[in-house]
Amino acid sequence: MLSEHAYCRNFGVTSSSHVNTIARCTVLDFSGNVLLDQYIKPEEQITDYRTPYSGISEIHMKEAIPYKDARETIWNLIKGKVVVGHALDNDFQALGFSVPLHMRRDTLWSPDLRRMMDNAGINKMSLKSMAKHILNRHIQNGPHCSFEDALATLDLFKCVLLTRGVWKQAARDSGKFTHLFDDHYWVA
């Protein structure tokens, strides 16, 4: 699953106008194992690390890999796989990726998760709010952590699968669909 979601933390850089760029990316497999967790140095000059929110500071950029290299590595991990994430459009925009809609599972737009939140009387679909109310997990209580965010997104997606009875049905069908849970099919 890509809860790389590409999970990225964005911060401000200078170019012809202020834009967001990727500063860290975490990619997990369906089991939650880390495939990639890397700080990424943007091509533009950084004007605002947004450290209180991003958790990124100048020290992280000393060992960061160049944006071009990171982008290629991330693409090689996610191409041909279903990508799970929260607000994936933001991450793909920061990476300059175009991933077909049928290869995305975005928890921000999940009707199943929206119903769960509505049933709890919550209409805010932030990852922090969803993790708290659906997973009973407190995240983002300080600077964001891309691993923590990616894992929460992956677990929310698994809740959707459970809600839909996908795992139970796969077991009943003697493993007919169990290939859908193989790590080579997903990234998070």
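Because the structure is a prediction, the values reported are computed rather than measured.

Cut-off values and rules
- Residues numbered from 1 in each chain as written.
- Predicted model: local features only at pLDDT ≥ 70, side-chain atom pairs only at ≥ 80, totals over all residues.
- Heavy atoms only, no water.
- Helix = DSSP H or I, 4+ residues; strand = E, 2+ residues; numbered from the N terminus.
- Expected span 1.5 Å × (residues − 1).
- Buried < 20%, exposed > 50% of the residue type's maximum accessible area, 1.4 Å probe, protein only.
- Axes fitted to C-alpha atoms, helices over the stretch in contact; angles between N-to-C directions.
- Parallel < 35°, antiparallel > 145°, perpendicular 65-115°, else oblique.
- Contact = heavy atoms within 4.5 Å.
- Nonpolar A, V, L, I, M, F, W, Y, C, P; charged D, E, K, R; others polar.
- Polar contact = N/O pair within 3.5 Å; in protein donor to acceptor, adjacent residues only side chain to side chain.
- Phe/Tyr/Trp six-rings, centres within 6.5 Å; stacked < 30°, edge-to-face > 60°.
- Lys NZ or Arg CZ within 6 Å of the ring centre and 35° of its normal.
- Core = buried A, V, L, I, M, F, W, Y, C linked by side-chain atoms within 4.5 Å.

Trainee: Just checking my understanding: could you explain helix H7 (residues 146-163) for this structure?
Mentor: Because each turn of an α-helix spans 3.6 residues, side chains separated by three or four positions in sequence point in the same direction. The terminal C-alpha atoms of H7, which comprises 18 residues, lie 26 Å apart, in line with the 26 Å expected from a rise of 1.5 Å per residue. Among the 18 residues in H7, 13 count as buried, and that is most of the element.

Trainee: Can you help me understand the packing of helix H5 (residues 111-119) against H7 in this one?
Mentor: To characterise two packed helices, one gives the angle between the axes of the helices and the distance between these axes. Two elements in contact, H5 and H7, have axes separated by 9 Å at closest approach and are oriented at 95 degrees. It follows that H5 is roughly perpendicular to H7 by the angle criterion. Contacts between H5 and H7 involve Asp-112, Leu-113 and Met-116 from the first element and Leu-156, Cys-159, Val-160 and Thr-163 from the second. Along the lines of polarity and charge, the residues of the contact of H5 with H7 split into five nonpolar, one polar and one charged.

Trainee: Hey, could you run me through the environment of His-60 in this one?
Mentor: Mapping His-60 onto the fold places it in helix H2 (residues 58-62). Distance in space between the C-alpha atoms of His-60 and Gln-38 is 9.7 Å, their sequence separation being 22 residues. Residues in contact with His-60, not counting those within four places in the same chain, are Tyr-39 and Gly-55. Only 2.9 Å separates the side chain of His-60 from the backbone nitrogen of Ser-57, close enough to count as a polar contact.

Trainee: Just to check I follow, could you spell out the packing of aromatic side chains for this structure?
Mentor: Between two aromatic rings, the relevant description is the distance of the centres plus the angle of the planes. Using the criterion set out here, one finds one aromatic pair in the structure. When the ring centre of Phe-30 is taken as origin, the NZ or CZ atom of Lys-158, which lies over that ring, is 4.8 Å away.

Trainee: Explain the nonpolar core here, please?
Mentor: Soluble globular proteins tend to bury their nonpolar side chains together. Among the nonpolar cores identified, the biggest contains 19 residues, and Ile-22, Ile-74 and Ile-78 are the most heavily contacted of them. Those elements that provide at least two residues to this core are strand E2 (19-28), strand E3 (34-41), helix H3 (67-78), strand E6 (82-85) and helix H4 (88-95). When residues of this core are assigned to their parent elements, the largest contribution, five residues, is made by H3. In this structure, Ala-87, Leu-113, Leu-135 and Val-160 belong to the second largest nonpolar core, which totals 16 residues.

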